[in-house]
Each structure stands twice: as structure tokens, then as C-alpha cells.
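Spelled out, the chains give:
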Amino acid sequence: MPRKKSAKRKEKIPEKREFSTEKDEEVEVLKARLESVKDMPEVIGYILRNSRSATIDAKDPTKIIDYAMLSSATIEAAEKLVDAFQLGEAKKITLEGNVAKLLSLSIGENSISIFMDKKANVDRIYKNLT
């Protein structure tokens, strides 16, 4: 039996729109900061993710999938370690390999991963983002 449609109309709540606008502004500020970080010679690329979108910028576009998989796996592993050892909240995660480094952090609802050369100064890049 089909349901009858309610005569009541749902009204849009302006507060939600303002909240969404604030989130969009936060993302734009982060994108601007990431663009300035990306111009550093030691930075290989970055990924900016939130619940609504993802932005990926890499100097070598053939490695985008590799970067995305590495970023996701690193964040997931760090969350499991933080929970297992009851460490609280991780401010940043740094993964160092033979030729490159990965810096992952969260700002608000945004997850950021920065890929850089092994010789890069992670703390300087972190300070530029926060």
C-alpha cells in the first residue's frame, strides 16, 4: 500500500548552509597553503581529502594511485596503533622510506598527506600547514 505524501514541507535550515560555507572556506584556505607547500622543491605532491571531495596533486601523475594507496594504508595503520596502545589523538604521522617521506595529518574534517623527498624538513612543512 503506497504511503501518502505529507502536506508539510521541509524547510531548509540556513545554519546548515552557513556551516557548509565555513567548511568550504576551510578547504579553500587549506588548498592555498598546500599550493605554497607544493612549490617547495622537496615536495613531490599532496592529497587533500574530506567527506565530500578529494584533491590530488603530484609532480609525477603516473604515481597518483600509488600515493593514494600509501596514504590510505598509512592513516589506517596509524589509527589502529593509536587505538591499540591508547595513545590518544595523533597530531601528525610521518613515514620515512629509502627515498621519500610521507607526512599525514588532519585539520578539522580534512585529511592531508604530503609526499616529499627523504631530505625534506617535515617539521617546516607541518608548520606551513598548521
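As a starting point, this report considers the structure included with it. As the structure is a computational prediction, the values presented were derived from the model and not from experiment.

1. What to know about the overall build of the protein chain
Thought 1: Along its length, the protein chain carries three helices and five strands.
Thought 2: Going residue by residue from the N terminus, the α and β elements of the protein chain occur as α-β-β-α-β-β-β-α.
Thought 3: A burial count over the protein chain gives 30% of its 130 residues as buried.
Thought 4: Sequence separation of at least 24 residues holds for 47% of the intrachain contacts in the protein chain that already meet a minimum separation of 6.
Thought 5: Summed over all atoms, the accessible surface of the protein chain reaches about 9,700 Å², with 54% contributed by carbon and sulfur.

2. Comments concerning the sheet that holds strand β3 (residues 92-96)
Thought 1: Across the sheet, five strands lie side by side as β2-β1-β5-β4-β3; this open sheet has antiparallel pairing. Looking at strand neighbours, the two that pair on one side only are β2 (54-58) and β3, the edges of this open sheet. For this sheet, the mean inter-axis angle between neighbouring strands, taken without regard to orientation, is 10°.
Thought 2: With five bridges joining them, β3 and strand β4 (residues 100-107) adopt antiparallel strand pairing. For Lys 92, the partnering residue across the bridge sits in β4 and is Leu 105.
Thought 3: Relative to the sheet, helix α2 (residues 64-84) contacts β1 (43-49), β2, β3, β4 and β5 (110-117), its axis offset from that of β1 by approximately 60°.

3. As for the layout of surface pockets
Thought 1: Within this model, the largest pocket holds a volume of roughly 250 Å³.
Thought 2: For the largest pocket, the lining is made up of 15 residues, of which Ile 75, Glu 79, Ala 90, Ile 93 and Ser 106 are closest to its centre.
Thought 3: Every element with two or more residues in the lining of the largest pocket is listed here: α2, β3, β4 and β5.
Thought 4: Among the elements that take part in the lining of the largest pocket, α2 stands out by supplying four residues, more than any other.
Thought 5: Its residues assigned to classes, the lining of the largest pocket shows seven nonpolar, four polar and four charged.
Thought 6: Its boundaries defined by the atoms lining it, the second largest pocket holds a volume of some 200 Å³.

4. Quick notes on α2
Thought 1: When the terminal C-alpha atoms of α2 are compared, their 30 Å separation across 21 residues agrees well with the 30 Å that a helix rising 1.5 Å per residue should span.
Thought 2: All of the buried residues in α2 are Tyr 67, Ser 71, Thr 74, Ile 75, Ala 78 and Val 82. An end-on view of α2 places all buried positions within 95° of arc, on one side of the element. Counted as exposed and oriented over 90 degrees from the buried face of α2: Ile 65, Met 69, Lys 80, Asp 83 and Ala 84.
Thought 3: On its buried face, α2 is in contact with β1, β2, β3, β4 and β5.
Thought 4: Once α2 ends, the next one or two residues include Gln 86, with phi positive near 50°.

Quick notes on the rules
Residues numbered from 1 in each chain as written. Predicted model: local features only at pLDDT ≥ 70, side-chain atom pairs only at ≥ 80, totals over all residues. Heavy atoms only, no water. Helix = DSSP H or I, 4+ residues; strand = E, 2+ residues; numbered from the N terminus. Buried < 20%, exposed > 50% of the residue type's maximum accessible area, 1.4 Å probe, protein only. Contact = heavy atoms within 4.5 Å. Areas by Shrake-Rupley, 256 points an atom, 1.4 Å probe, with all protein chains shown as cover. Pairing = 2+ DSSP bridges. Axes fitted to C-alpha atoms, helices over the stretch in contact; angles between N-to-C directions. 1 Å grid on protein atoms, 1.4 Å probe; cavity = no way out; pocket = protein on both sides within 12 Å on 5 of 7 lines; lining within 4 Å. Points joined across faces, edges and corners; volume = space filled by probe spheres on them. Nonpolar A, V, L, I, M, F, W, Y, C, P; charged D, E, K, R; others polar. Expected span 1.5 Å × (residues − 1). Arc of directions from axis to C-beta.

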